[in-house]
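Here's the letter readout for the chains.
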Amino acid sequence: MSTLAGAVPRPRRRWTDPNAWHLRTKLVLATMLLLVAICSVVGSVLYASMDGFLTQQLDTQLYQASHRAAEFGSVAQSTVPGSQTPGASQQNPGGSTPRPDPLEARGQGAGTLNARLHDNILDVAGFISQDGQRVALRNSDAAVLASVAQTAVPFTSGTQPVPVDKNLSVGHYRLVAVQTAAGDIIVTGLPLAAKDSTLASLVLTTVIVSLGGLVLIGLVGTYVIRKTLKPLDQVSSVAANVAQLPLDAGEVALAMRVPPSAAHPGTEVGNVGNALNRMLDNVSGALQARQESEMKVRQFVADASHELRTPLTAIRGYTDMLKMTEKLSPQGSESLGRVETQSLRMSRLVEDLLTLARLDEGQPLKIAPVDLTQLVVETVSDQKVIAPDHQWRLDLPDEPIEVKADGARLHQVMVNLLSNARKHTDPGTTITTGVSRSATGEAVITVTDTGPGVPQELQRKVFSRFTRADKARTGTEGSTGLGLSIVQAIVDAHGGSVELSSRPGRTEFAVYLPA
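Thresholds applied
- Residues numbered from 1 in each chain as written.
- Predicted model: local features only at pLDDT ≥ 70, side-chain atom pairs only at ≥ 80, totals over all residues.
- Heavy atoms only, no water.
- Phe/Tyr/Trp six-rings, centres within 6.5 Å; stacked < 30°, edge-to-face > 60°.
- Helix = DSSP H or I, 4+ residues; strand = E, 2+ residues; numbered from the N terminus.
- Buried < 20%, exposed > 50% of the residue type's maximum accessible area, 1.4 Å probe, protein only.
- Core = buried A, V, L, I, M, F, W, Y, C linked by side-chain atoms within 4.5 Å.
- Contact = heavy atoms within 4.5 Å.
- Pairing = 2+ DSSP bridges.
- Axes fitted to C-alpha atoms, helices over the stretch in contact; angles between N-to-C directions.
- pLDDT = per-residue confidence, 0-100.
- Parallel < 35°, antiparallel > 145°, perpendicular 65-115°, else oblique.
- Left-handed = near helix turned anticlockwise from the far one by under 90°.
- Salt bridge = Lys/Arg side-chain N within 4 Å of Asp/Glu carboxyl O.
- Polar contact = N/O pair within 3.5 Å; in protein donor to acceptor, adjacent residues only side chain to side chain.

Colleague: Teacher, can you tell me more about the packing of aromatic side chains here?
Modeller: Two aromatic rings are characterised by how far apart their centres lie and by the angle between their planes. The full count for this structure, using the stated rule, is one aromatic pair. On the basis of an interplanar angle of 90° and a centroid distance of 6.1 Å, the ring pair of Phe463 and Phe509 is categorised as edge-to-face. One end of the pair, Phe463, is in the loop between helix H9 (456–459) and helix H10 (483–493); the other, Phe509, is in strand E14 (residues 506–513), with 46 residues separating them in the sequence. Take Phe463 and Phe509: they sit in the same class, and that class is buried.

Listed below in structure tokens is the structure:
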């Protein structure tokens with residue numbers, strides 16, 4: 001037996017699709033992204049400000065060191081008491097007046113670098129180590145110092161030289177160059193290590209503080225957002241529970257409401273909860289009014305059907321009496337036959353209405369063990385006599401299948417299903433009736449025909465009352481449109497279900513009864 005219906009699988013949540021995210025997730029992410037942007041801007045501004053401040057401070061110290069070196073290095077060495085150093089004569093092989101090493105100027109601190117160039121030739125170069133000793137630069141630094149010398153400005157012009165950053169063998173330095181009155185170029189430099197270290201510490205501190213703040217704010221924000229949106233979850237839960245209620249028929253107890261804590265007007269979530277409660281009140285009132293109106297109609301149908309049974313019985317009785325006692329003309333006999341036919345059709349309609357009315361009232365069923373195999377065999381045998389022009393087949397199990405049910409009601413279910421298949425198919429159609437058990441242990445009765453099938457637009461309402469197929473599929477017999485409604489009502493009363501699967505060439509009704 002083919003599967004007739006199944007639950008619609010719930011679509012998987014795709015985390016790559018932002019539209020599928022929870023609102024709380026979007027709010028937390030938006031907050032975190034905003035904080036990251038703020039931290040980035042604050043960190044960038046702080047870094048730029050600190051870099052400018054340290055650079056300005058370093059340039060001030062560099063200009064002062066350059067001024068001391070240029071002033072000291074431009075004085076003839078003979079005029080500087082105690083400034084004669086060994087090898088000074090070798091530094092001026094041309095015999096010109098020797099000048100002192102600018103690195104020996106007073107006030108030069110550790111790390112200060114000085115070099116003197118004359119005619120683009122490096123004359124003397126070195127720096128003061130951390131222990132106050134003079135350390136000569138390597139020859140590989142001469143080219144770098146010569147490039148810096150190209151930016152030199154006259155010492156006496158009052159113009160500040162432009163500092164440049166260069167990598168030397170002893171580290172990263174900020175350098176300036178000035179030209180003395182004697183034509184020498186004095187290059188002075190201060191190390192950038194302290195500045196770079198300060199900026200690196202600033203970046204590290206900013207990153208650590210920002211990450212810590214983001215984690216803390218993320219946790220606190222998540223807690224606050226979850227607590228704030230909790231009433232919205234309550235509203236969603238109530239709406240979801242109401243959506244699962246069967247509101248299409250019967251008496252509906254719509255007692256679920258959003259709790260007062262989540263329905264307080266004045267807040268966004270509270271307004272939603274309050275609006276949902278008011279909507280549920282309105283729907284509950286409408287359902288109650290519908291139920292009352294439906295019960296009035298059902299009571300009227302039941303009363304009218306009950307009252308019609310007596311006059312219909314009398315009409316059939318008088319019709320039979322006239323046939324037996326009166327000699328009628330051919331036209332009179334035909335008219336009397338039509339009266340009898342219509343009275344019988346009216347009687348069937350009244351009986352069907354009474355059956356539905358009793359089922360709607362919830363009259364108790366006469367529960368007893370019922371052999372479905374025997375029931376199917378008997379009802380199919382009856383239909384063979386009524387419609388021998390159809391092909392009737394059985395698909396029965398090897399062992400009988402029993403259920404606890406109302407045998408008379410199940411017999412009516414089988415009669416209605418087989419009559420429906422017979423009436424709405426052409427002669428020669430094969431109708432197969434089967435009995436089996438499902439994988440879950442339910443007893444299953446199927447009625448399958450090879451007819452033209454039920455139109456697609458009719459399948460969704462085929463179990464509704466007074467639903468009739470189009471004339472092309474009704475065959476020669478009339479229909480009240482209540483047969484399948486009675487089938488569904490009886491099966492529902494037994495706690496089972498009935499389903500339809502139809503396409504051209506194959507239509508199957510399946511009745512599921514609990515084990």
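Don't stop here, the text continues.
Colleague: Can you walk me through the nonpolar core in this structure?
Modeller: When a protein is soluble and globular, its nonpolar side chains tend to lie buried together. Formed by 41 residues in total, the largest nonpolar core has its most connected members in Leu372, Val403, Leu410, Leu417, Val511 and Leu513. Apart from residues no more than four positions distant in its own chain, Val511 is found in contact with Val413, Leu417, Ala443, Val444, Ile445, Val491, Ser497 and Val498. With 16 residues, the next largest nonpolar core counts Phe127, Val144, Ala149 and Ala177 among its residues.

Colleague: Help me understand the pairing of strand E11 (residues 430–437), please; the structure alone is not making it clear to me.
Modeller: Working note: regular strand, side chains alternate between the two faces of the sheet. Pairing analysis gives five bridges linking strand E9 (residues 391–395) to E11, with the strands arranged parallel. Its bridge partner lying in E11, Arg393 is registered against Thr432. Where E11 and strand E12 (residues 443–449) come together, seven bridges link them in antiparallel fashion. Looking across to E12, one finds that Val435 is bridged to Ile445. Between E11 and E12, which follow one another and run antiparallel, lie five residues, and Gly441 among them has a positive phi close to 95°.

Colleague: It is not clear to me how the sheet that holds E14 should be interpreted in this structure. Could you clarify?
Modeller: Strand-to-strand pairing in sheets goes through backbone hydrogen bonds, with the strands running parallel or antiparallel. If you trace the five strands from one edge of the open sheet to the other, you get E9-E11-E12-E14-E13, paired in mixed fashion. Both outer strands of the open sheet, E9 and strand E13 (497–503), are each paired with one neighbouring strand and no more. Neighbour to neighbour, the strand axes of the sheet diverge by 15° on average, direction disregarded. Two strands pair when backbone bridges link them, and E13 and E14 are joined in this way by seven bridges, in the antiparallel orientation. Looking at E14, one finds that Ser497 is bridged to Tyr512. Taken strand by strand, helix H8 (residues 407–423) contacts E9, E11, E12 and E14, and its axis lies near 20° from that of E12.

Colleague: I would appreciate a short explanation of the confidence of the model for the protein in the present structure.
Modeller: Do not read the predicted coordinates in detail wherever pLDDT is low. Scored by pLDDT, the protein comes out at a mean of 82, with 88% of its residues at no less than 70. Taken together, the stretch residues 77–95 has pLDDT below 50 and engages in 19 contacts with residues farther than four places along the chain or on a different chain. Throughout residues 471–476 the model reports pLDDT below 50, and contacts reaching past four residues in sequence, or to other chains, amount to eleven contacts.

Colleague: Can you walk me through the packing of helix H1 (residues 23–73) against helix H4 (residues 193–243) in this structure?
Modeller: For any two helices packed against each other, one specifies the inter-axial angle together with the distance between the axes. The interhelical angle for the contact between H1 and H4, taken along N-to-C directions, is 160°, at an axis separation of 9 Å. Judged on the interaxial angle alone, H4 and H1 are roughly antiparallel. The element H1 and its partner H4 pack so that their crossing is right-handed.

Colleague: Help me out: how do you make sense of the pattern of salt bridges in this one?
Modeller: Any two side chains of opposite charge can pair, on the condition that their charged atoms come close. Under the counting rule described, the total for this entry stands at seven salt bridges. Between Asp59 and Arg174 there is a salt bridge, and its shortest N-O distance comes to 2.5 Å. Taken together, the residues Asp59 in helix H1 and Arg174 in strand E6 (residues 171–179) connect sequence positions 115 residues apart. For Asp59, a relative accessible area of 11% puts it in the buried group. Glu508 is the salt-bridge partner of Arg506, the closest N and O atoms lying 2.8 Å from each other. Through salt bridges with shared partners, one network takes in Asp59, Asp165 and Arg174.

Colleague: Which parts of the structure should I look at to understand the packing of helix H6 (residues 330–360) against H10?
Modeller: It is the contact of H6 with H10, at a shortest axis distance of 10 Å, that shows an interaxial angle of 25°. Considering the angle they form, H6 stands roughly parallel to H10. The chirality of how H6 crosses H10 is left-handed. The segment H6 lies against H10, with Asp352, Thr355, Leu356 and Leu359 engaging Ser485, Ile486, Ala489 and Ile490.

Colleague: Can you walk me through the side chain of Gln108 in this structure?
Modeller: By the secondary structure assignment, Gln108 is in the loop between helix H2 (88–91) and strand E1 (113–118). By relative accessible area, which is 12% here, Gln108 ends up buried. Of note is the side chain of Gln108, whose polar atom sits 3.0 Å from the side chain of Arg68. Here the side chain of Gln108 touches Asn114 through a polar contact of 3.2 Å, side chain to side chain. Residues within four places of Gln108 in sequence aside, it is in contact with Ala65, Arg68, Ala69, Pro102, Leu103, Asn114 and Ile128.

Colleague: What exactly am I supposed to notice about unusual backbone geometry here?
Modeller: With the exception of glycine, most residues fall at negative phi, and the peptide bonds are largely trans. A positive phi angle, close to 55°, is found at Asp119, a residue other than glycine. When you line up the elements, Asp119 lands in the loop between E1 and strand E2 (121–128). For Asn120, which is not glycine, the phi dihedral falls at a positive 60°. The residue Asn120 is located in the loop between E1 and E2 in this model.

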